[in-house]
Amino acid sequence: EQELAKKQFLSFLNERHEKAQALALELDHAANMRSPHDWYPVARALNRRIVFHAGPTNSGKTHSAIQAVCETTSAVYCAPLRLLAAEVFDTLNQRGLDGGVGLLTGDDVRGDSEAEHVACTVEMAPLGRVREVGVVDEIQMIGDPRRGWAWARALLGLPVRELHLCGSITALPILRALAERTGEHLQVIEYERKSPLIVSDQSLKGRLSNTRPGDCLVAFSRRQLFALRHDLHNLHQSPCAIVYGALPPETRLEQVQTVSYTHLRAHETPEHLVCRLLLEKKKTKSTIRLFLLLIHIMIKYN
């Protein structure tokens, strides 16, 4: 009887030990942050074709990717900004695409979120259903310490058969490394700038009277923005759009209808795009970074 009890006890311990080992392996796998590409089995199963549209600003790379969105039966476009997502949403709606168009941003949801074509901010990229084409804009933002996670999630997890990435050539090394990890083919298409970006040899000399239609003025507070709009309207007697983050989505779209990103694209203006800026307040590192990002976006989106 003692021998039987001993065998049963040892069998009980082995069974519990095996369950504990299995649980430990599951916990280790769940907590493993070294292989994020394995978190998206649906995307891995699709064996996606990845196309990297690499080039400087105003080179037509995003335009080429959006053409792929318009020519397929289902697609998702992931924008770096809510305003750009809304602009692409309007563009797709105007095309009258079959299956409808949806818009997904942090504070604005329009149309059907399960529509065949969706425009969204990159943080809102839908991973729940398979689509034919996906576009992730400004892919070099994957290196941003605060928002880079969203680009990494979209790059690794979008369940699409063909993934288009748009951005600076500087992102190529990390894209190649990730494509090698996922076992997906990466095609690189390089673009050249369509028109030169010329830095003016003189400033506005602090005078708003030296501004011209099409100029972009950047300030660092809402009070300054409204003061600038008031002064510009009095000087030129023409509409002046104003955009800042706290504007409601509908108001923000109304403001940019007269001076939209489309009108600021250099290849769609009769002359070289001139973006002259009136810098105000102290130039700390954070404001300079914000300034450079704003300039890049305002003169870039193509």
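Here the structure is shown first, and the text comes after it.
Residues numbered from 1 in each chain as written. Predicted model: local features only at pLDDT ≥ 70, side-chain atom pairs only at ≥ 80, totals over all residues. Heavy atoms only, no water.

Caption draft 1: Local environment of the overall build of the protein chain. Of the regular secondary structure elements, the protein chain holds nine helices and eight strands. Within the protein chain, the fraction of its 302 residues that count as buried is 42%. Of the contacts made within the protein chain by residues no fewer than 6 positions apart, 70% connect residues no fewer than 24 positions apart. Just so you have it, the protein chain exposes about 17,400 Å², and 54% of that area is on carbon and sulfur atoms. (Helix = DSSP H or I, 4+ residues; strand = E, 2+ residues; numbered from the N terminus. Buried < 20%, exposed > 50% of the residue type's maximum accessible area, 1.4 Å probe, protein only. Contact = heavy atoms within 4.5 Å. Areas by Shrake-Rupley, 256 points an atom, 1.4 Å probe, with all protein chains shown as cover.)

Caption draft 2: Focus on the nonpolar core. With 27 residues, the main nonpolar core has Phe52, Val136, Ile139, Leu158 and Leu165 as its most contacted residues. Ranked by residue count, the leading element in this core is helix H5 (residues 148-157), at four residues. Look past the residues within four positions of isoleucine 139 in its chain and what remains in contact with it is Phe52, Trp151, Leu155, Leu165, Cys166, Gly167, Ala171 and Leu175. Membership of the second largest hydrophobic core comes to 21 residues, among which are Val69, Leu97, Val133 and Val135. (Core = buried A, V, L, I, M, F, W, Y, C linked by side-chain atoms within 4.5 Å.)

Caption draft 3: Seen up close, unusual backbone geometry. One non-glycine residue, asparagine 47, lies in positive phi territory at about 50°. Note that asparagine 47 resides in the loop between helix H2 (41-45) and strand S1 (49-54). In this structure, glutamate 138 takes a positive phi of about 55° despite not being glycine. Structurally, the position occupied by glutamate 138 is in the loop between strand S6 (131-136) and H5.

Caption draft 4: Up close: the pairing of strand S7 (residues 160-167). Most of S7 sits out of view: six of its eight residues are buried. By the bridge criterion, six bridges tie S1 to S7 in an arrangement that is parallel. The residue bridging histidine 53 from the neighbouring strand is cysteine 166, located in S7. Chirality of the crossover, the property in question, places the unit of S6, H5 and S7 among those that are right-handed. (Pairing = 2+ DSSP bridges. Right-handed = clockwise from strand over helix to strand, strands pointing away.)

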